[in-house]
Each structure stands twice: as structure tokens, then as C-alpha cells.
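# Notes for the structure review
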Amino acid sequence: MSAINPDQTTAARLAGMMRAPEPPRVDDPVTKDGSLVEDPSVRAPLVLGNRTFNDVTETVCGYIEKGPGRWWMPAFGLASAVASITGLMVGYLIITGVGVWGLNNHVDWAWDITNFVFWIGIGHAGTLISAILCLLKQKWRTSINRAAEAMTIFAVICAGMFPGIHIGRVWMAWMLFPIPNSNAIWPNFSSPLLWDVFAVSTYATVSLLFWYMGMIPDFATLRDRAARRLMRQGDSAPTLPIVGVRVDQLRALIYGLLSLGWRFSSRHWHTYEKAYLMLAGISTPLVLSVHSIVSFDFATSVIPGWHTTIFPPYFVAGAIFGGFAMVLLLLIPSRILFPGMKDLITLRHLENMAKIILTTGFMVGFAYAMEFFVAWYGANAYERDVFIYNRLMPPFLAGEDGKYAPYWWAYWTMIACNVLSPQVFWIKSMRQSPLVIFIVAFLVTIGMWFERFVIIVTSLHRAFIPGEWGMFYASWVDILTFVGSCGTFLTLYLLFTRFLPQFAMSEIKNVMPQANPHWEGYGHHGHGHSTGAAGGSHAAHHAPQAPKEGI
Amino acid sequence: MIDQCPSSKKQGLPVEKAKTPHELVGTSGRAYYRGLDDLSGAASHKEFEQREFLDGASELTEPTRRTFLKLMGAGAALAGAATLAACRRPEHKIMPYSKQSPEDVIPGKAMFYASAMALPGGGAEGILAETHEGRPTKIEGNPLHPMSQGKSSVWAQASILDLYDPDRLMNPMLFEQSVGMKTGWPFIAGWARNAWRTTVRQAGETDAAFEARSKDESAMWARYGKPGFFEAYDASGGAGVAFIVDKVSSPTRDRVRDAIVKKWPQAKWVAWDSVCTGDAPAALAGVLGAPARMVADLSKAKVIVSFDSNFLENEASAIHHARTFGASRRVLKAGQEMSRLYSVESMFTVTGASADHRLSMAPSQIPVFVVAVAQRVLRQLSAPGTQPLVAALSSMNATLEGEALAYAEAIAADLVDAANLGKSAVFAGESLPRWVQSVVAAMNAALKNVGACVSYFPVGADEAADSMKLLADLTAEMNAGKIETVICLDVNPVFEAPGTIAFEAAFKKVKNRVVLHTASNETTALATVLLNGAHYLEAWGDVVAAQGATTICQPMIAPMYDGRSAIEILAMIGGLSTWSGYELVRETWRGGPAPKDAMADAEFEKRWRRALHDGVVSGARGKTALTALDYAAAAKAVGAATLNTKGPDQTALDVAFVAGTMRDGRFANNGWMQELPETASKVVWDNAAFVSPKTAKALGVTQTPATDQFPQGRVVDLTISGRTVKIACWAVPGIAENTLVLPLGWGRREVGLVGSKTGFDVSPLRDGSSPWSLSGVKLSLVEGAGRWYPISVTQSHGSMEGRALVREIDKPAWDKFGGEDSIKLQKDSYGRQQKMTLGERLEGGELNHMPATVPVYQDPMRNKEEGYTPARAGRPTPGVAAYDRHPQWGMTIDLSSCIGCNVCTIACQAENNVAIVGKTEVQKGREMHWIRIDRYFKGDAVSQNKGEQPEGMFFQPVACVHCEAAPCEVVCPVNATVHGSEGHNYMVYNRCIGTRYCANNCPYKVRRFNFFDYGVVKFQGGLKESLEELGGKTVTENLPANQNLIPPRLLKQLDELSKMQKNPNVTVRSRGVMEKCTYCIQRTNEAKIEYKLATGNRPEEYFPDGLVQSACQQACPTDAIVFGNILDDKAEYTESDGSKRVGSKVYTMREHTRSYLLLGFLSTRPRTSHLVRVNNPNVQLLTKLGKKERLAAIENPFGSHGSHEGGGHGAPHGGENTKHSFIDPAKAGRDGYVLSLGVLPGSGVHA
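Notes on the structure follow. (Residues numbered from 1 in each chain as written. Chains lettered and ligands numbered in written order. Predicted model: local features only at pLDDT ≥ 70, side-chain atom pairs only at ≥ 80, totals over all residues. Heavy atoms only, no water.)

### Remarks on the nonpolar core
- Within the largest apolar cluster, 380 residues are counted, with the highest numbers of intra-cluster contacts made by Trp119 of chain A together with Phe307 and Phe369 of chain B.
- The leading source of residues in this core is helix H9 (residues 311-337) of chain A, at 15 residues.
- If near-sequence neighbours (up to four positions away) are discounted, Phe369 of chain B is found in contact with Phe307, Val344, Leu359, Met361, Leu400, Ala404, Tyr407, Ala408 and Ile411 of chain B.
- Core analysis: the next-biggest nonpolar cluster, separate from the first, contains 46 residues, Phe243, Ile487, Val529 and Met572 of chain B among them. (Core = buried A, V, L, I, M, F, W, Y, C linked by side-chain atoms within 4.5 Å. Buried < 20%, exposed > 50% of the residue type's maximum accessible area, 1.4 Å probe, protein only. Helix = DSSP H or I, 4+ residues; strand = E, 2+ residues; numbered from the N terminus. Contact = heavy atoms within 4.5 Å.)

### Topic: the pairing of strand E14 (residues 485-489) of chain B
All names here are of chain B.
- Buried residues dominate E14, accounting for five of its five residues.
- Of the two faces of E14, the one holding Thr485, Ile487 and Leu489 and the one holding Val486 and Cys488 are both buried throughout.
- Taken together, the five bridges between strand E6 (residues 241-246) and E14 define a ladder with parallel strand orientation. Along E14, the bridge assignment pairs Phe243 with Ile487.
- As judged from the five bridges shared by E14 and strand E15 (residues 512-517), these two strands associate in the parallel manner. Across the sheet, the residue bridging to Thr485 is Asn512, located in E15. (Pairing = 2+ DSSP bridges.)

### Examining the side chain of Thr86 of chain A
All names here are of chain A.
- You can see Thr86 is positioned in helix H3 (residues 72-96).
- With a relative accessible area of 5%, Thr86 lands in the buried category.
- Within the local environment of Thr86, its side chain forms a polar contact with the side chain of Thr488, the two groups lying 3.1 Å apart.
- Among residues more than four places away in sequence, those in contact with Thr86 are Met161, Gly484, Ser485 and Thr488. (Polar contact = N/O pair within 3.5 Å; in protein donor to acceptor, adjacent residues only side chain to side chain.)

### Things to note about a nonpolar patch on the surface
- Taken together, the side chains of Leu435, Ile439, Phe442, Leu443 and Ile446 of chain A make up a nonpolar region of the molecular surface, amounting to roughly 430 Å² of accessible area.
- Taking the relative accessible area as the measure of exposure, Ile446 of chain A reaches 30% and is therefore partly exposed. (Patch = residues over 30% accessible without salt bridge, like charges linked within 9 Å, V, L, I, M, F, W, Y side chains within 5 Å. Areas by Shrake-Rupley, 256 points an atom, 1.4 Å probe, with all protein chains shown as cover. Salt bridge = Lys/Arg side-chain N within 4 Å of Asp/Glu carboxyl O.)

### Here we look at the interface of chain A and chain B
- Facing 69 residues of chain A, the contacting portion of chain B comprises 78 residues.
- Together, the buried faces of chain A and chain B total about 6100 Å²; carbon and sulfur atoms form 53% of this surface.
- On the chain A side of the interface with chain B, the three residues burying the most area are Asn105, Tyr382 and Ile465 of chain A, jointly 12% of the side's total.
- If you look at where chain A meets chain B, you find five salt bridges.
- Its salt-bridge partner being Glu468 of chain A, residue Arg1008 of chain B comes within 3.2 Å of it at the nearest N-O pair.
- Where chain A touches chain B, the interface holds 39 residue pairs in polar contact (both at pLDDT 80 or more).
- When contributions to the side of chain A that touches chain B are tallied by element, the ones reaching two or more residues are H3, helix H6 (192-233), helix H8 (266-299) and helix H12 (381-392) of chain A.
- When grouped by side-chain class, the residues that make up the side of chain A that touches chain B number 41 nonpolar, 17 polar and eleven charged. (Buried area = accessible area lost by both parts, 1.4 Å probe. Nonpolar A, V, L, I, M, F, W, Y, C, P; charged D, E, K, R; others polar.)

### Focus on unusual backbone geometry
All names here are of chain B.
- Even without glycine at this site, Gln149 takes up a positive phi of about 50 degrees.
- What makes Gln149 partly exposed here is its relative accessible area of 40%.
- Even without glycine at this site, Ser721 takes up a positive phi of about 45 degrees.

### Observations regarding the sheet that holds strand E1 (residues 111-118) of chain B
All names here are of chain B.
- Pairing in this open sheet of three strands is antiparallel, and the strands run E1-E2-E3 from one edge to the other. Edge positions in the sheet fall to E1 and strand E3 (135-141), since each of these pairs with one other strand and no more. The sheet shows a mean angle of 35 degrees between the axes of neighbouring strands, direction not considered.
- Note that E1 and strand E2 (residues 124-132) share eight bridges and pair antiparallel. Following the sheet pairing, Ala116 is matched in E2 by Gly126. (Axes fitted to C-alpha atoms, helices over the stretch in contact; angles between N-to-C directions.)

### Some details on the environment of Leu1159 of chain B
- Secondary-structure assignment places Leu1159 of chain B in the loop between strand E41 (1155-1156) and strand E42 (1168-1171).
- Residue contacts for Leu1159 of chain B: discarding those within four places in its chain leaves Tyr382, Phe464 and Ile465 of chain A together with Leu805, Pro1003, Tyr1004 and Thr1164 of chain B.

### Remarks on the pattern of salt bridges
All names here are of chain B.
- Inspection of the entire model under this criterion finds 67 salt bridges over all chains.
- For the salt bridge of Arg257 with Asp462, the shortest nitrogen-to-oxygen distance reads 2.9 Å. Of this pair, Arg257 sits in helix H8 (residues 251-263) while Asp462 sits in helix H16 (residues 461-464), placing them 205 residues apart in sequence.
- Between Glu911 and Arg1083 there is a salt bridge, and its shortest N-O distance comes to 2.9 Å. On the criterion of sequence distance, the pair formed by Glu911 in helix H29 (residues 903-911) and Arg1083 in helix H36 (residues 1081-1095) is long-range, its members being 172 residues apart.

### Comments concerning the sheet that holds strand E5 (residues 180-183) of chain B
Residue and element names in this part refer to chain B.
- Spatially, the seven strands line up as an open sheet ordered E5-E4-E16-E15-E14-E6-E7, and their pairing is mixed. With one partner strand each, in any of the chains shown, E5 and strand E7 (268-272) form the two edges of the open sheet. The sheet shows a mean angle of 15 degrees between the axes of neighbouring strands, direction not considered.
- Strand direction decides the pairing type here: E6 and E7, joined by five bridges, are parallel. Each residue of the ladder has a partner; that of Val245, found in E7, is Ala271.
- This element, helix H20 (residues 566-574), spans E6, E7, E14, E15 and strand E16 (529-532) of the sheet and lies at about 155 degrees to E14.

### Digging into the environment of Glu383 of chain A
Residue and element names in this part refer to chain A.
- Tracing the chain through its elements places Glu383 in helix H12.
- Once the C-alpha coordinates of Glu383 and Thr308 are considered, the two residues, 75 residues apart in sequence, prove to be 9.7 Å apart.
- Setting aside residues no more than four positions away along its own chain, Glu383 makes contact with Pro304, Gly305, His307, Thr308 and Ala375.

Here is the structure:
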């Protein structure tokens, strides 16, 4: 069996149709799984299983070349079916009128802007992980940043849809943009809604660039692998049914175009890293600015419950909180669904993110409390009423006057999900359990949606003049539009897992022990562990041992 | 079934249309000729002559674009008849109200014509109809009409919509077994009277067709006998004929009636009105000698007492009452006299809400209360001749207890007070028994009010007719088979007849049922001869207002469906010399039996034109008020009466019927009226059995929470003497316990699209002998699927939540603190100097306690920094603040004179093309009214939860306040709402993309979004499911199908006819755009142009005050709304009290010490300010009732803060003194309501 006459398996493997046999896991004998090591002198590894560089490449490229697994197609079908609801609902909305939603003259924004802020918030974790953690040299970010950035893009797509369709005359939406016109009428630059237009579009653009730039070396890897296979296989390379094109021809073409002529030269790397750092620097203020500006939609108004100066930091904290929850919601199932991903996304990663959830959960909890404090300290009866009688007061606690907040359940859902549920992370076993983390992340996602609902709807439904108080009830179109947007998000993410590298391979390899020239392999701490373990003979195994690299 | 559907034609159904006009009037007259054409009798001329109106005017077969254009042309021709004189000779000239002659008609510029709307039951409202190119679009009050004086009622405002109702009857039809259905006025006329018989060849008719038609008609006539149908009755003197007509006070109709009665003495004549049953005039006839109606001039009154009388809204002279009452409440100076109103009623009406003291009482107990008051009053006055009455009253056991007793004593004491003699007015509602009416009249006489504040004007025979008795008698005769022909003119007795009169069954037994009406209804559905009526804006007529002002009604437009008025039909039936309405009216005034002294002289034509122009016949014999009151007759009436002192309980409930917005049901197909909120409950599109929350709880009929998506009322069966109605209950504060209040006129069965399936018909429960109240009604809950019924309200929250929105002050406090020095420069809690009016210092001085008022929103118009201080920013001072370019528009709304009658809402709707949205959309909170009336109940939530009666009810009209620093403007991303140089907050529809951010950021929530194409698409009706089988259907099925969920392209577009109502000067908004009050900018701009053209002056230099009125202001009967240039401090005008003022009216009102800005602390600097309501309570009564808080508020109306009486800022918050009327004491005690933050030393120290 040689490379010239490969056996069937090898041929398939080389053609990218089949995965190489999985090298058996080799745990660090001291730290076992390794990622949860408690010994302060030992740094938790970021890649487990004694993986080689090639293993990483094989794992990451494998998802694209061989597909994520049999579950993908049904999942994609389902998600895209749900996504298509969006199209139907938006079409119906535009044909018929905004009245198909439950909005009214008391509550002019409800689920539309709730969904907008919710999705924009989701996007924040991506930028935070990719930009701020990059600048802070948090190496553990490397295995989650790509997915988080992808999530950002998709969340912004979902978010951007809502302001677009919520307006009464969609066909006039172009008036939002400063397009020179003969009437010399410009948009109103003092409107926070216009700031939103600029903030969100800037954010979307920068995030997209950042994401795409990070993927260029990986695209090049995919291109080269495809090209190499084609060269090796010649005419025997499998072709796609019907179209009759070789898969790898397509890959070489598409990834080739996407990789913009990347040749892995030192000069390329040099420029790339400079640019990457610069984009990280540009993105960093965006993390803070976008949600601050979104919060201005409310903070600059006069409505009690909206007119609050703490909104910008509160919104940013909330966005990071919600965004991390969404990253976890996506990555925890991914660890199960994608073979080999557990080596790259370790329990330590999850635990770190759980800690961030706990921290940011406290921040939003503090913000909730501060709102009450300010309402009390400001001694504004209108404001105080909004917090007590629009949000807080449940009917069973109502006083003799029988006053209670009709939306108390929304408020308490928010508190339970956002403030109470993360508290389980005080317990170590809880924050190390993927299942618990998943449940909490799910609750937080619900809670963050309710936070926006509470801010928007409960403030509006009973504002200054009791004569004009009214309720909001979501219509089926409201609900299905939101469900559809979740489907859209998931569809896009599934497409991402299928066709784009989910991990930044070069960055992961950078934080692997082998990348350290002084690394000596496992067992240097005297347990007689052989570096030549059953994983096959790779050059990296012979690298000298080095101080453990990790978080 | 009559097919009224215009689309029937397409389905091949026979809908014929009268193309030939009826025979020309006056054929029986002498042989004068009017021209050579006439003499020659040329066919072409004859045809022309026979047209009542010009070519094209009467050919509207269906509301299409083509017919619309024709109609417009015809209207224009009618309006500007002389402009077309060269080609066609106008037959009937109508006179515009302005000095402008029709020759000068300018396309695009409205013309006004004076006319009058006959009020149901008698009386009239003088109106001006605004017409655009010949189509009337809006009704205003006629300033020259002594009753209206430029004001109007909701019904007058809404009547314009009825004119363009697409569901109107379009053809006269006669149903005949052998020949089928026949139509066309020539045929109908020929059928009715031989004299009218003519077979005129129609234009373009072929010989064969003409022959066939003649033959056909001949056969038809033969069937009815050689003489005309009604001619047959001439011999028998009309035996077997009965007329059922509505009650109008029209000299011409009276004349025609007299002619018919003379000709047919055997015929029955029933003047029918289910709301104005004639009880009151009949009762007054007993004591005054002739049937009469009470009209009061309340501007002079000091004490007004209403016993179940909604005199501000429902009576024939309601506008007059409202206007004079408003004047008596508009106090401008401390110490100025104002009236005090006591009201005893079953449910909150606008009258009760305006009262200083209101007592809610079960209808059966109100007579007891009246007797108790009368006993005291008459005994103490001991006026000559009243002894027998006093004796008769004393024999009655009218024992009152508790609050009622205190009220009775206080009212009696106030009435007999020597200072108030001759300065009071006591009203008795028509609902009270006749003997009570006599007692009240006797009280007015004994109090020397008659001739002073109160006048009794005689009414005509029709108005005084006892409708219920006449109808009952007629029904008996119909059942006995004595009646073979019934002629119903403009009435709907089949629907309205009370349960005790089985009119419908009897009506069906009658062989010939001739029915005239403009709209299809329950009675027209049973007609054998169906005549389509003319709307009052389409017909000639005349009508007399309650105190005698007479108007000749001129048509504003040719009858759109060639309908005929009642007088024309009567003349046709009776075979009078003419059946042209025009000639009939002229005959009356030229010298018939009616008031001949007015115009019957050589200068008739001149006077006629004058009368048409003015809208009032000058010199017409007015009415002479009756003054001589026969106390003995009153005593006799009292002697025959028995007093029911047993109040209602849960097993035997009291029921009160009220005539609400629908009146007797005639407004059921009027979308504006349907969507006009009921006064107290704010229920729209339905009626309900209104009940107090406490009684509702006890009976288990409380509705689902107001926060429900679609709150539902519990459906019950109400039963008395075997009569049952099914109706949903709706609890509203302020209703007497164990009493159900049932509004009439809903639940129409045969009605157009708008009115179908709205409300419940309660007439079956009514008793003809006691049409207004019932005692001993049993309530049983309907079980099963239909036990709930969805109800829509425009306002679900009735508490002001302790917020200083409506501010009030009691008169003693006003006298004490409202003086010249009440506008104070005082330091607020932050040490700033603030100029604050009394209104701003009230209610804890909300403004006083807010942080520094540097506006968040920069004022786009501000051009000078100098002189701009935070203090000024808080309350703009005209002339000093940023806006110094004349004119600067502003508005004031005086809550003291506002009675909450809703007319501003509907006037705005008519003026500004505000759409109706339907029941479902209202419940979603999407009603479009630009000016809404917020209604709040007084009294804290705790006591109301315990089932206590509210202390009062307040209204606050709120429209866009045109903030100078408008929160909406800054947030609009596309500059669709921007500020104008004259202070308008513009709404640019073309620019609006509908982000709705402006509406969110509006603290007043006055912006209205077009969630669907409300204005452009035909209204599709209310509920999906019929409620007829309420029991058999689930609630979900009864939930409304939202027609708006159907894409607009698939909906029927607004028909051309409905479009005719629209004001051409106001854009009809499409979906997806925001709208709101514009301060009627179209009127302002028109006035400015007019002023500039007329005088050559620039409006920027000076714009005379009063040259422009907003629609709400113009309609407001109490002048509570004032609009104008707030910078104008030079104009001079005379106040209602005779005092002279300098400065435009709005300037003075805005600068008045009662003025305050709604939510002024937000620094939005509204251009509309509200004026504090001044109450005039009886302090003794308050003391007796133990109203400590109220008394404390009189001592110190400012609470512990902002008081210039030195309340002392160091005093603890939430102390005794803060418990003023608006603050819920429980809440104030718990967390302290006041806004102050005592952080700065020296705060609260006054300058």
C-alpha cells in the first residue's frame, strides 16, 4: 500500500470523502481531561487529546470536506423550514400593514423592537470574544471566536430585518439614509433611530470584515487540500452527481477565490496579523458603541422607564450576557454533534464562559436594582409608578387599592432567568456541567428577550396619562415572525458549520503545546509517559518539552 | 326582501331606477306660463321642466366615479346656479350664508349655507353646511340662530355622514303580486293619486318600450282601481288609514297635516318618537294650560338642580343649556359668581359629571327625592296658591336617610335662599312621572324662576303627542283589522315599539304598508310600498327651534337617490295642490295657515332670500313663553299619584332606559356615532346593561378585567312580566346600586353594514306606560357558550393615579387664592425663581418639584440666547420666549366649562377626515380620534374597590398640544414631524415612513398611527358572527373577525359616495403613516390667505383674533376650547361677564392664573394649556357629609408644598395637608405622593 496505489480507504480519505481513522485520545496523565486542572502551577491545556497540528487541520477541515454528520441535513431542513416562515410573515406584513402585529397607539413598539435589540445583543459576544479578548491576549478565545463571530453576523442579519420591516411604509425606508435629493431633505441626524442605522450598519460591516479576514488562511488550507487531492487522484477523483463536477474542483475554485491568493508566506502572515490586530482595535469600541446607541433609542426619550442614564452600560453588559449565553447554546450541542470538537472546546472553555455569564448576570442584576434606586431617589412619581406598577407588582402582593402590574409575569420571568438562574454557577460542579450550563444559557436567552420586552412594552403601556393606558397582546404574526427569525439564525449557522471553518486553525495551533519550541511532550513531569503514544508519528511529537501553555 | 345592494345589477337582479322626474308641481294651478317654451309645451322643455333639479342631478344609480362626477356637477350647478344661468334656468335658488354671491364661487373654496336640523322629538338646531363644489362636507352651528349660536351637537356633526351612507335606500318601490316590483316616482305618484298619473316618455325610450311600460303601468293602476290608491279614501274620510310620523316642529308639515286631517277626518295620526314620548309636554300642559317645553338660561342661574335630567346633552335645547351653563362656569376672577349644579341621576351623564354635587339614585327613588325637596322648598317659600300642593306633597311619605337626606336639605336650602330666588333652574328629566314634572314646574314657579332663568315655550301638537298611547291604540286597531293602510314617515316603530306594544305583529296584519325612510330599517323591511326618503340636507323644509326660532331648510345637494321628503309624500298622499317640497314650504310662508306675518307680504321674495341666507326667519312669530302656573292642577296631579318608596334590591332590580348616542336607533348606521365613546363607560360599538361595580359583584356579572385582550361582559336575561331581553352587563362606577341602565337604539336588526350586529335591542323590555324606568326586573345569568360577550372601550383606566392631570379647585379656595396676586414668582425646591400660576401651584406643584428645566430637546426655532432662562423654558411667556413672530398659535381648554359632550371629537372627525376603525381595532387601542376626552373618576381606588360611589367624574379633552420642544420631533429619523414657524408641530404625511417612534415618545399619547388603510378602504363591519344565536355559540366564535387582516388590495375600496364627505383640504391618510391634531392648519392657512386678500395686510404683522376657529373650538357648545394667536396682547374683546379684556382670547386664557400645562414639568412647553376646573360646592353639605379632605383642600389647595401660605418645606411629606382631592390618601400615606426631594437647603422658601 503506497501513496501511488492506495487502498480503498486511503483513497477515499485522500479524496476527502472519508475521515482518517481517529487517533486514540491521549489524556495528560496528570490532569486527565486536563482542562479543569486545579493546580495553580499547572496551566490547563487548550487542546486536549494530545492532538497534533495535523489532527487539528483534519478535524476542522473534516467538517467541511466530509460533512458534519448525518444529523445535519434533517436539522438544516427543519431550520430552513422555520426560516421560511419569516419570509411568509414579512410578506404578509408588508402586503397588509403593520396592524397585523398586536401594536397599537399606546404601545407602538413591541415584539419588533424587542427582537431587534435581542438579536443585536446576541451579536455582542462574538465581537467581544474576537476583539476584546484578542487584545487582552486571552488565548482561550481561539477555539470559540470563529463560531462566535459567525453568530454575530447572523444575529445582526436577524436584527437588521426588524427595524426594516417594522416601519409603516417599507417602500419608503430609503428615506432613512442620507441620500442627496432635490428637495434637500436630509434625515434627522438628532434621531437615535438614525444613529441606529449608522451604528448597526458599521457594526455589521466591521464584524463581517473581521470574520472574513480571520478565515482567509483557513480558506487557503481548504483550497490547498482540495487541490492536492485533485492532483493526487487525477481522473479517479469522485464527481458530484448530476452536475458532473468534481467536488474538489468546486472547493478549489470557491475557497481559492475566498482566500484571495493567500500563500502562507511570512509576509502574508506578517501583514495578516497586523491587520487582524487593527481590526480588533476597530471592533473594540464597536462592542461598546452599538448597544449604547441602541439603548439611546430609549434613553433619550421622555418616557419613564426609558429615560434612564444607566442604559448604555446596562445594555452592553446585558448584550454580552445574552451573547455568551447564545454562544454556549450553540457550542454545547456542537461538542456532541461534531466529532473531535471536545478536544478543541474544553470544559474549561465552558466554565470560563459560565463565569462570564455569572459576572454579567450580576451586572444586569445590579442595573435592575439601580433602576429602582434611581426611581426612588429621583422622587419622580411617574418613574416610580413605572417600576412598581408597570413591572414589579404581582397581583397577589397588590395592596388594598388592588393595583398591580399587568406585565408582572414578564418582569419576574426576566428576573428569574437573568438574575437567579446564573447563581447556580457559584457551585463548581454546576458550572462544569455542560448540561447545566446549557439549561442556564437557555434561560438567560429567554430572560434577555424578556428584558427587552419589559423595557419596551411595560414602559409604554402605562406612561404618563392614565386615560391613554392600554395593553399589548402579541398576534400570531408577531410570534411567527420571531420564531422565523430564530429559524433564519439557525439556518445560517448550520450553513456555516457545513461550509466554513468553524475554528481558526492557525490560531489554535498557536496555542497548542507543540507551538512552543521548548515543549517536551507529555510526561516531562516524571511519569515516564512516552511521547510516541499511539497517535502515530508526527514531527511534533519530537518537539522538546516546554512549560505548559494554557489559560 | 328588498335588495339594496348596488351590485345586484351585475347579478341580473331587477334594480330599476327612476329616470323620469315626477309631474311638475302646480299643474292644478292657473294657466300662467313662464316662457315661450313653456307655452309651446315642447316635449324637450316639458322634460326639463319636470326635473326638480338640473340635468344629471338625480341619476345616481350607484356610487361610481361617473355618477360621482355627475353629482358634483349637479351640486356645483345648484350652488352656483347663476353661473350656469345662461344655459339652464335654476328652479330653486338656495342662498349661501356668506355675503359672497354664487357668481363668485371659487373652485376649491368652501361655501356655507344656512339650514337647520330638526331634532328628534321636536326642536331644531340651526346649522351651516360647508359645501365644496356643491357637496356638503361638514356641519357647523349657525351663529345667527338663537338656539345654536354657532355651536352644534354630536348629532348634527354626525348627520353629514348619514347623507353619504352607501347603505341608503335608493329607489321607491311598490310590490305587487301580479306585476312584481315597480319602481320610479312617476309610477308611485300615479299610483297614489290619479292627478299625478302621467306616462311621460323618457329620454331615449323606444316606442315599444314606452308602450310596454305604459301598458304595464296601466295594468297596475287598473288593479288598484281607476282612482289613485289614496283617492279611494277621500270618500270615506280616510277611514282605515293611519299615519305614523316622526315628531318634528315644522310649520309646513303641520300645515300639510292639517290639510290631510281636514280631508280625512277618520284617518289616524300618530306622532311617534320612542325617545321624546311626550310625557313632559303633556305634564306641563296640565299645569301651564298648554303643552310646553322648558328652556333655561343658565348664564343667570346660581343654583341649578337636575332631577334625572341630562339637560346639557339630550334635550331639545341642550346646546343652549350647555352654552349658558358653560358661561356660568367660566370664572375668571376670584369672587366671581358661578352657578352651582346639583344632579340626581342613575348613571353618570355629562350633566352629572359637570355637577358640583351628584347623587346617584335608583330611578324609582328619584321621585321620592323630588318630593322630599319639593316639600321643603314649597313649605319654606309658602308662595301664594301653593298651599294645596304643599298639602298634597306633605301627605306623601318621602323619607330620606343619610346622604340623600343631606342632599335634599342642602338643595332645598340653597334654592330657597333669598339671594337665589329667581336665579335658579330645576330640571325634571323626561324619564320622571308626569306628576313629578308638574311638581318641578311648580317649584320653578314658586322660586320665581319662570320668566327669569326658566321659560316654558309651547310646543306643537305633534311634539306633545303621547306617542306610547297613540301607538298602543293604533296597534289595537290594527289588530282589530280596522286599519288597512299604514303610512310610516321617517319612523321606525317596528324596532322602537316597546315590548308591551306588539306593533310588529299588528303591522304585518295591515294590508298596505307605505314606508318612507332614508335608510333601510326594520319598518322598511316590512313595507309593501317603500319610498326612499330625502336626507334633511337634500330637501326643502322648515323647522322651529325650542324657543321659536324658525329656519327654512334648504337643500345642500340634489337628492342623491332622488328621495322625497315627508312633506312631499304627505302632499302626494293627501292630494295637495303640489307635492314639491319647495313649493310647499313657500306656500306656507307666502300665506298659508302658518305664520303669515313673517313673510307674507309684497316683499316676499326678498324676505325669503333673507331667511335662506340667515338661516332664521326674522320676524317670524316666535313662541310666547307660558308663565301662568296652576298650582292647583299640580296638587291634583300629586294627589292622584302614589310614591314608590321601596327601593330596588338584587331580586327586583330597577332599570333605567336612556337615549344615548344612537337616540332611538336612527344613528345606528353612522360610524362616527358608533365609535363615539359612551360618556361614562367609554364603550363603543355596543350598548350594555350598565351596572355599578358593587351590584355587578353581588349579581355575579362583573366583566373580565380591563387588561384582557378583549374584555367580556357577562350576558344576562332581564325579565319583567314575561318580557325578556338578553344583554351583556358592564360595570361602571357611578351607577345607583341595584340599578341597570340600558341605552336605547342599539341592536338594530335591519341596518346597513356599519350598524349591523352592534349592541342589544332593549326595547322589548320597555313598558309603554312607563317607558323610562321599570322596577322589579329579574336578572338571570345566561349559561352555556354564549355567556360572555366582547365589549370594546376606548379608555380602560378610570383613575388618575394621583397625577395632577385634571386639576380642580373649590370655589371658596378659588376666591381666597385666585386673586390678582395668584401668579407668583416663587422659589422652587431648587432655589430657582419661577413664575407660577395658581394652576401650576396646585396639586403639590408638580412643576415646582422637578429638576432644573433645561430642555432636553433644543428648540429648533429659537434664535436668541438672550433672555432665555430655564425659568422661562418651563413655561413660555408669550412675547418673550423664543417664538416672537406673529402669529403663534395656541389653544386653551377650560376644564371648568368643559362638559365632556364629545362634540369636539366628532367635529374634528368630520373636519379632518378622521377614519373609524371598528370594534376590534378600538379594543386593540387603535382608534383614530385626534381629540379624545379622557375621563377620570374621582375618589381613591381603595374606596372604589370597596364598592363606594365615586365622588365625581372629570373630563379632559386631550389633542396634540403642539409642544414647543416636542419630544416627537427630535426622534423622527426622517424629519416627518417638524416644527413650524408659527408654533405648529407639523406632521408631514408624505415624509412619514411610520417608525412610530414619535408616538412612543409623546407623553400625551395623542399620535394616531394608520395600522391599516382605515381611511381609504371601505369599512367592513364589526363582528364576524351574528349575535342572534348568542346562546349557541362559543365566545371565540363571537370574537370579531378582523377584516383588516385582509390585504388592502383585496378589500373593497372606499366608494365614491363616501369619498364625497371628505374634506378636500385635508389629506386622507394611507396606511403606515402617523397622524394627529394639526390645529386645523387648513383653516388657519385659508383664513390667512383670506385676510391678506381682503385687507392687503400681512398676517405676520397682525392677525385679527377670532378670524379662524379650529373645528373643535367652533363646535364646542360651552366655549371651553379657545384657539388663536398667543402673542396677541393687543386685541380687545368683551368677556361673557361684560368685562373688557385686552389681548386675544387665547392670550388672556393662557395667561390666566387657572392656566396650567399638562405634564408641564417635562419642559415640552405645550401650546395647549388647560385651565383648572373650579367647582362650586356647598360647604355646609360637605361638612355634613364629613368630607374632611375636601374641606382641608379648600383651606389649603396646594398641599404641603408650593403653598404660598407658608406650608413650610420642612414639614414631613405625606402629611394631612397633602391629602387633597386627587391624591389617593392610602397611597399618600404609604409612600408619600409628593414629588419633592428635600435635598437643598432653603427649598420651599417663597419669594
